[in-house]
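Residue-level structure breakdown
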Protein chains: 2
Amino acid sequence: LPTEPASKCIGVFDSGLGGLTVVRRLMREMPAEDIVYLGDSARVPYGTKSPETVRRFAHEDAAFLMRQDPKAVVIACNSASAVATESLRAELGVPVIDVVTPGARWAVEAAGGRPIGVMATEGAIASGAYQRAVALAAPQYADRVLTAACPLLAPIVEEGRSEDDPIVLSVVHDYLHRMQRDRPGALILGCTHYPLLQGAIAKLMGPATALIDSGQATAVAIAEFFRREGLANPRSGGGQLRCWSTDNPERFERLAGRFLGRAPQSVQWVGADELTAAESPVGGTP
Amino acid sequence: LPTEPASKCIGVFDSGLGGLTVVRRLMREMPAEDIVYLGDSARVPYGTKSPETVRRFAHEDAAFLMRQDPKAVVIACNSASAVATESLRAELGVPVIDVVTPGARWAVEAAGGRPIGVMATEGAIASGAYQRAVALAAPQYADRVLTAACPLLAPIVEEGRSEDDPIVLSVVHDYLHRMQRDRPGALILGCTHYPLLQGAIAKLMGPATALIDSGQATAVAIAEFFRREGLANPRSGGGQLRCWSTDNPERFERLAGRFLGRAPQSVQWVGADELTAAESPVGGTP
């Protein structure tokens, strides 16, 4: 007998560990849902690589998740969302949710007529995806998006530096002090690593700028979408998280707690070369 | 007719762009040699990944180079040298030269009886490869190797920050100030990116610590080895450099100059998935 769509899992992928901040928020919003997470830690990061390469990797990651028969696929990586959402929607036979659009919508609501700031990886900024998503949500903001590419912040989080580390504060200042002067009404944390630096960012930007957590916005958007479409798991709780990593699962397990808020139960390995193995539906994306 | 070994190319690989600092030194020492360089920019960095993953990638990179029929393969990446040199020597049918051993030997000569410092990626430090290489070169140094893992320095170089950038100086200070107090006689720059920060490192360490450029030590060791084995190309010059990248060649070309000291002539793309393909997408040496 086929499985009821509502009881199927949600497939989530990211370039590595950062997407676990999205999973954390998904689990809080929807504690009944089973989640299968793939972190492509062997090829992390995506944010410094070309759109073609990121798109190729994203399709390989999604092909692996599709073999778990999910009811939806979440691109829990801003860099991959920025360049691969459209092609994944065209290819996968299930709903594809990105982390760029929900954050852009929240920012428009929070900005109160002042400019909207976006901090993200080089790749996500260069793609123009945030500028497009904001303009789509509110055309009057089209030319009022301030951007800051912040290539060192993800490695800084992965290194485990605390928010009051002087190096963290000076790097955050270096990237954001110009934007701060324009007093944006909202600032999108456009990389799944940045919620871990929220305190340092808030300290610089001040209380008049609302910080938008893309992962939180995405989790709320998915919960609404599932309710609307009758895809929400009807259980009252008991959702399971299964994690896969393309790099050594031990390192993944050791570092995951910082992003997930607790240790993951079990992490398994899958080779990056094996993501598209067997009867995978992935096509040749250039 | 088979090609004379001496006229064959040298195959060089790295996780990305950093290995071009080694190529630069090879070209200066041996201007007659043809070099084929593979930068695995789609999967960079290697230094934060597990030994198993790095070894797997290194073997895939080397398999690609072997299709170019080289007279020797150079592992121009300290992280890959640290974990894959032995297995590559066992597998490839040509001499394999790593960047760890030559630097360790130079450091022993330069240290003048004082401790030897090593700064490198997390993976290279955790492997213990430098400690072993120093102990092999001079057993009396076995317990006098000071180490510093410096995960942010490679991303800082790739970002293009200058040596007098306050963030560069404070990160260098953060990683090395404890080691500086032990006044090492020599400090091995154990990552191909670090020669670009030589000024900032020298400023902190002071004139009593000799900075050892692994790439320079390796280039000299290879030149000696070729002369000894009759493998040196007898031409007086005219060596060509051909570059391959697993990520977009345009980004590679744009950033390569900083590492190579000049723009590379041409960069071609090869998919990471295609590195080990049965049929070579390319011809042999010209």
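Everything below is about the structure shown above.
First things first, this report covers the structure right here in the doc. (Residues numbered from 1 in each chain as written. Chains lettered and ligands numbered in written order. Predicted model: local features only at pLDDT ≥ 70, side-chain atom pairs only at ≥ 80, totals over all residues. Heavy atoms only, no water.)

Comments concerning the overall build of chain A
Which entries qualify depends on this criterion: Helix and strand assignments come from DSSP, with helices taken as H or I runs of at least 4 residues and strands as E runs of at least 2, each series counted from the N terminus. Radius of gyration: over C-alpha atoms. The globule rule applied is 2.2 Å multiplied by the number of residues raised to the 0.38 power. Under the scheme applied here, a residue whose accessible area is under 20% of the maximum for its type counts as buried, over 50% as exposed, and between as partly exposed, the area being computed with a 1.4 Å probe on protein chains only. Every residue pair with non-hydrogen atoms within 4.5 Å of one another is taken to be in contact. Areas reported here follow the Shrake-Rupley algorithm with a probe of radius 1.4 Å; residue values treat only the protein chains shown as occluding. The convention is simple: Lys and Arg are positive, Asp and Glu are negative, and His and the chain ends are not counted. A single reference atom marks each charge: NZ on Lys, CZ on Arg, CG on Asp, CD on Glu.
Each helix and strand in chain A was counted, giving 11 helices and 10 strands. For chain A, whose C-alpha radius of gyration is 18 Å, the value lies close to the compact-globule estimate of 19 Å for 286 residues. Once the C-alpha set of chain A is aligned to its principal axes, its extents read approximately 60 × 40 × 40 Å. When burial is assessed residue by residue, chain A has 59% of its 286 residues classed as buried. Summarising the internal contacts of chain A: among those between residues at least 6 apart in sequence, 78% fall at separations of at least 24. Looking at chain A as shown, the accessible area adds up to about 11,100 Å², and 51% of this sits on carbon and sulfur atoms. On chain A, the mean spot of the 28 positive side-chain charges and the mean spot of the 32 negative ones are 5 Å from each other.

Here we look at the side chain of Thr21 of chain A
All names here are of chain A. Here is the rule we go by: Polar contact is the term for a pair of N or O atoms within 3.5 Å; when the atoms are in protein, one must be able to donate a hydrogen and the other to accept it, and sequence-neighboring residues count only if both atoms are side-chain atoms.
Counting through the fold element by element, Thr21 comes out in helix 1 (residues 20-29). Given the relative accessible area of 3%, Thr21 is considered buried. Within the structure, the side chain of Thr21 is placed 2.9 Å from the backbone oxygen of Thr192, a separation counted as a polar contact.

Describing helix 11 (residues 249-260) of chain A
Quick note on the threshold: Comment: arc refers to directions from the helix axis out to C-beta atoms.
Those residues of helix 11 of chain A that fall on the buried side of the exposure criterion are Arg251, Phe252, Leu255, Ala256, Phe259 and Leu260 of chain A. One side of helix 11 of chain A carries all its buried residues, which in axial view fall inside an arc of 145 degrees. Turned more than 90 degrees off the buried face of helix 11 of chain A, the exposed positions are Glu250 and Arg254 of chain A. Buried positions along helix 11 of chain A lie against helix 1, strand 2 (35-39), helix 7 (153-159), strand 9 (241-245) and strand 10 (267-269) of chain A together with helix 5 (122-127) of chain B. One side-chain oxygen at the N-terminal end of helix 11 of chain A lies 2.8 Å from the backbone nitrogen of Glu250 of chain A; it belongs to Asn248 of chain A. One or two residues past the end of helix 11 of chain A sits Gly261 of chain A, with phi positive at roughly 90 degrees.

Remarks on the sheet that holds strand 5 (residues 116-120) of chain B
Residues and elements named next belong to chain B. Under the convention used in this document: Here, a strand pair is defined by DSSP locating no fewer than two bridges between the strands. The convention used is that axes are lines fitted to C-alpha atoms, helices contributing only their stretch in contact, and that angles between N-to-C directions extend from 0 to 180 degrees.
Strand order in the open sheet formed by 4 strands is 6-5-7-8, and the pairing between neighbours is parallel. Looking along the sheet, the strands with just one partner apiece sit at the ends: strand 6 (145-149) and strand 8 (210-213). Between one strand axis and the next, the sheet turns by 20 degrees as a mean value, whatever way the strands run.

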